[in-house]
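# Reading the structure
Here are the chains, one letter per residue:
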Amino acid sequence: ASGERDGGLRVVVAGGGPAGLLVAHDILARDPTARVSVFERRPDWSADASAASGRQYSIGLGARGRDALTSAGLWDAVYSEGVASDRFFIHATDTRRFNIRQKAADGVPPSLLINRGVLCGVLARELRERFGGDGGRVSLEFESQIASVDLESSNVEVAYANGSTQEHAYDLLVGADGVRSRVRQAMQDAGACEAATRELKGGLKVIHGPMPSGLEPDAVHAFGGRYAKDDKDKAKGKFGLFSIPAPGGNTCTLVSWEDESAPSDLLACEDGRELSELIAERFPSYGAVSLESANSVVAQKPTRSAIVSCDSYAYTNERAGSAAVLLGDAAHSTGGTLGQGANSALQDAKALSEALCRLGESGGDVCSAAREYSAAQAPQGAALLKLLELRPRGVLSAAVFALNSLYRAVGPRLSARVAPGVQTQLTQTLVPYTTILEQNKWVAWAIDREAKAQGGGDKEKPAGVV
């Protein structure tokens, strides 16, 4: 096995996405003796031009993402690659739209909209420049992934693109490897946590291209799911558009649908021209898509999302003095809704590095830090998933939801003691998810009451459809 211990903390990070790369930054910056190996199954973000195309989509970094990246001294580098935006338009019809963004307080910075692949490329580049690249304290291994995890011996087997495998020893294993996490599976098998994964019944494709001329280039635009105007029996299904600004006057637009009303005409498109005409017909204010962009969409395999819940984010091996932890989607995936996937994952990374730092200063060990991290973050992840369920199910919850929404929209203007709406706080503040859930406990109560009356109800409604 590689990585024989020489006194410094040996860290293996499974997954080189935003959270995995940030935790590598944080640990290396706080511990001058640590050595970090990051394994990512995709090609090198900073060298692969396709990182910002295809199914890679843009994300919004709000207060939580900004806080985590600022703490690591990375915000300026990231900010220069995105688009700042504080407007969010809902297009109710082809001629009517509403800006629904509510400000939590005066002076709140706008969100940063950035392609996920570009964000990872910036973090990878900065990691190499700051900590010596492959010859320094960090090793970035792309087109490689964790094949198996042995928690008892504190080793992982890594599989490489050329077919070879190699074992790596660790003191701390960070599972930032997404919805289908190998690290989480190993923790489940060891009885360290109980987890559940549920695939959402819907899909999406991604359009990369110029922002349509009639839309503001620095605003998010959401077009609700629409049926074809001449499809009276709804046989062709419906889909929606969610357009996110990109640098240079471009956009990343998500085309999403639910399985129960899957758009047969969209999914049957065989060439770009056909798809472009279909989008222009359904969404006149968005217009036609360029042939190059449309061909790319036709060739894409639909992306499907999943929800992940996990009751503990840490496994400790006291005998070996090693630990494994979960971050981001490996611990609490919301399926791409609420705009908190990357933001919550980056906060996980920050929380883990702070726990390691506190324990290091007080003479604690990696096992204690892992337990402290899980105790702090697992309740936040559970609350975030509960916030995902705050949507009306029946008459009672619809009434409570409407009254609460009105209160949260008007109340903050009358008194600073009234908290704004859920989405506003998620995006623009650092208020803990547990606190936001408590503020909306009556909505949660009404929804839970109706769910019990309905025998559980429909919990599988996909959240990816606008």
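In short, a report on the structure. (Residues numbered from 1 in each chain as written. Predicted model: local features only at pLDDT ≥ 70, side-chain atom pairs only at ≥ 80, totals over all residues. Heavy atoms only, no water.)

### Here we look at the sheet that holds strand β8 (residues 138-142)
- In spatial order, the strands read β8-β2-β1-β12-β20-β19; together these six strands make up an open sheet with mixed pairing. Two strands bound the open sheet, and with one partner strand each, they are β8 and β19 (314-317). Each neighbouring strand pair of the sheet contributes to a mean axis angle of 10°, computed without reference to strand direction.
- Here four bridges tie strand β1 (residues 10-14) to strand β12 (residues 172-175), and the two strands are oriented parallel to one another. Each residue of the ladder has a partner; that of valine 13, found in β12, is valine 174. (Pairing = 2+ DSSP bridges. Helix = DSSP H or I, 4+ residues; strand = E, 2+ residues; numbered from the N terminus. Axes fitted to C-alpha atoms, helices over the stretch in contact; angles between N-to-C directions.)

### Side note on the pattern of salt bridges
- Within the structure shown, the criterion is met by 23 salt bridges.
- Notably, a salt bridge pairs arginine 42 with glutamate 40, separated by 3.2 Å at the nearest N-O pair.
- A salt bridge links arginine 358 to glutamate 372, with the nearest nitrogen and oxygen atoms 2.4 Å apart. Placement of the pair is arginine 358 in helix α10 (residues 341-362) and glutamate 372 in helix α11 (residues 366-388), with a sequence separation of 14 residues.
- Look at arginine 358 and you get partly exposed, because its relative accessible area is 42%.
- By relative accessible area, glutamate 372 is classed as partly exposed at 30%.
- Here the residues in one salt-bridge network are Asp67, Lys350 and Glu354, joined through shared partners. (Salt bridge = Lys/Arg side-chain N within 4 Å of Asp/Glu carboxyl O. Buried < 20%, exposed > 50% of the residue type's maximum accessible area, 1.4 Å probe, protein only.)

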